[in-house]
Amino acid sequence: MEKILIEGGRKLNGQVQISGAKNSAVALVPAAILANSDVIIDGMPNISDVFTLGKIIESIGGNIAYESKNTSNQTIHIDPSQMALKPLPNGYVKQLRASYYFMGAMLGKFNEAIIGLPVGCPLGPRPIDQHIKGFKALGAEVTNEQGLIHLKAKELRGARIYLDVVSVGATINIMLAAVKAKGQTIIENAAKEPEIIDVATLLTNMGAKIKGVGTDIIRIEGVDTLDGCRHTIIPDRIEAGSYAILAAAQGEEVIIDNVIYEHLESLLAKLREMGVTIKESDEQILVLPSKTLKSVDIKTLVYPGFPTDLQQPFTTLLTKAEGTGIVTDTIYTARFKHVDELRRMNANIKVEGHSAIVTGPTELKAARVHATDLRAGAALVIAGLMANGVTEITGVSHIDRGYENMTEKLIQLGANIWREKTTQAEIKHI
Ligand code: EPU
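Now for a look at the structure at hand. (Residues numbered from 1 in each chain as written. Predicted model: local features only at pLDDT ≥ 70, side-chain atom pairs only at ≥ 80, totals over all residues. Heavy atoms only, no water.)

Considerations on a nonpolar patch on the surface
A surface patch of nonpolar side chains, amounting to about 280 Å² of accessible area, comprises Met 1, Ile 427 and Ile 430. Here Ile 427 is to be found in helix 14 (residues 424–429). For Ile 427, a relative accessible area of 31% puts it in the partly exposed group. (Patch = residues over 30% accessible without salt bridge, like charges linked within 9 Å, V, L, I, M, F, W, Y side chains within 5 Å. Areas by Shrake-Rupley, 256 points an atom, 1.4 Å probe, with all protein chains shown as cover. Salt bridge = Lys/Arg side-chain N within 4 Å of Asp/Glu carboxyl O. Helix = DSSP H or I, 4+ residues; strand = E, 2+ residues; numbered from the N terminus. Buried < 20%, exposed > 50% of the residue type's maximum accessible area, 1.4 Å probe, protein only.)

Structure below.
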């Protein structure tokens, strides 16, 4: 186990390269098993969630090869031709929530899946009722046998499915099963996140017939077979957004490279409202912070609204702004575990209901803090970069699940950040 140490207060400058999107990657890998032959994906992020999914692929007889495992933008080859239906009870499946995409993918491939119930970052309740509703509509019988979900269909048949809640996971999972179902599936009230479009692009390259992704009605004509193909993943808008926030907080001139500007519009609009200058060119944005920042309110919404995954990093930035800002999370109403840690660092934040009320500006002070989840980790790294003194962050494995080489990227921008082994006493305390 490692911890991250940051000597705060340094100004950041230079260019940072954004990696492939984590939330696409974790769906593209399970999606690849639907093919009969090799699927090659370029630009995959070098993060532990991808390697964990690779282990799951291997455990059911698939083969996954990494062309350059230790560098960013790796190319992976997935050979699903020898896969067999096997239960996926525990172990790797429990390490990441996105392993639930094997439900839809195995159902599509084998008409059956047996898989442990997903866990995930502690963000409050995270039901999967809409995924199950979709699988049942497609003809699967679904039973829960002591925490193992068993999905089985004689034959998957297309259906009209209205999602009661707009859900990224349910939209993708239903799509994964429906591409192999007989006839037409219509997903109504579908989510529109760019990662869903990325998964649909891969499936279409494999031979699937999907229309309407990116709108709230997706139409899928099932096909009998899907073939291997080559695909390039989209850049990670949440990683890019996290760097834009830290550039606004502690940068002088930071260029964020490999960005699809349109994916970040809600965040960049809010940064501009605060007084930050943002310039966009082809695949880059330049962030020029202002000396004084004005507070703003944010409310997280489904795409294209403000993303819940940037709410925690943004809360850290608000501690530097003048006035009071209200951060309301309508997607994960309890996603405020970072607030207690920020308070340890002298932030003035109150949580009331589904909102955090941030009053600033306050000068953050270094402290020993713990990352309870991935984006809380990013929020604390940004706080550490802003604070006076040396901040120690434990819970680093959460950060490594979703941010490729974060310490290396920050060193390149001029941060004084390093890793040390956690002591036995610290592990016991955690
Ligand atoms: N929901 C239900 N029933 C369902 C599914 C979802 O009530 O069957 C609710 C959830 O409880 C939540 C809302 O619907 O309140 C949205 O959940 P969604 O299903 O969209 O989230 P997810 O697919 O589980 C993905 C990302 C999250 C991101 C959310 C929202 C992946 C692997 N995860 O989760 O990313 O916060 O969408 O955009 O794509 C992260 O990257 O840190 C992260 C948690």
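So much for the structure itself; the text now carries on.
Comments concerning the sheet that holds strand 4 (residues 63–66)
Strand order in the open sheet formed by 4 strands is 4-5-3-13, with mixed pairing between adjacent strands. Only two strands of the sheet have a single partner each, and these edge strands are strand 4 and strand 13 (230–232). Each strand of the sheet is rotated relative to its neighbour by a mean of 20°, with strand direction disregarded. Pairing analysis gives 4 bridges linking strand 3 (residues 39–44) to strand 5 (residues 74–79), with the strands arranged antiparallel. (Pairing = 2+ DSSP bridges. Axes fitted to C-alpha atoms, helices over the stretch in contact; angles between N-to-C directions.)

Some points on the packing of helix 3 (residues 101–110) against helix 5 (residues 168–178)
It is at 7 Å that the axes of helix 3 and helix 5 come closest, and there the two elements cross at 15°. Overall, the two elements helix 3 and helix 5 adopt an arrangement that is roughly parallel. Judged by the twist between their axes, the crossing of helix 3 over helix 5 is right-handed. The residues of helix 5 that touch helix 3, namely those facing Tyr 101, Met 103, Gly 104, Ala 105, Leu 107 and Gly 108, are Val 168, Gly 169, Ile 172, Asn 173, Leu 176 and Ala 177. For the contact of helix 3 with helix 5, a count of residues per class yields 8 nonpolar, 4 polar and no charged. (Parallel < 35°, antiparallel > 145°, perpendicular 65-115°, else oblique. Left-handed = near helix turned anticlockwise from the far one by under 90°. Contact = heavy atoms within 4.5 Å. Nonpolar A, V, L, I, M, F, W, Y, C, P; charged D, E, K, R; others polar.)

Considerations on the sheet that holds strand 2 (residues 12–17)
Within a sheet, each strand pairs with its neighbour through backbone hydrogen bonds, oriented either parallel or antiparallel. Taken together, 4 strands build an open sheet; the order of strands is 2-14-16-15 and the sheet is mixed. Only two strands of the sheet have a single partner each, and these edge strands are strand 2 and strand 15 (277–281). On average, adjacent strands in this sheet sit at an angle of 10° to one another, irrespective of strand direction. Examined bridge by bridge, strand 15 and strand 16 (residues 284–288) share 5 bridges and lie antiparallel to one another. Looking across to strand 16, one finds that Ser 281 is bridged to Gln 284.

Here we look at the pattern of salt bridges
Counted according to the given criterion, the structure contains 18 salt bridges. With a shortest N-O distance of 2.9 Å, Asp 42 and Arg 230 are connected by a salt bridge. One end of the pair, Asp 42, is in strand 3; the other, Arg 230, is in strand 13, with 188 residues separating them in the sequence. Arg 230 gets classed as partly exposed once you look at its relative accessible area, which sits at 49%. Measuring nitrogen to oxygen at the nearest pair gives 3.9 Å for the salt bridge that ties Glu 352 to Lys 350. Since its relative accessible area comes to 46%, Glu 352 is described here as partly exposed. On the accessibility criterion, Lys 350 (47% relative accessible area) is partly exposed. Overlapping salt bridges, with partners in common, bring together Glu 2, Asp 400 and Arg 419 in one network.

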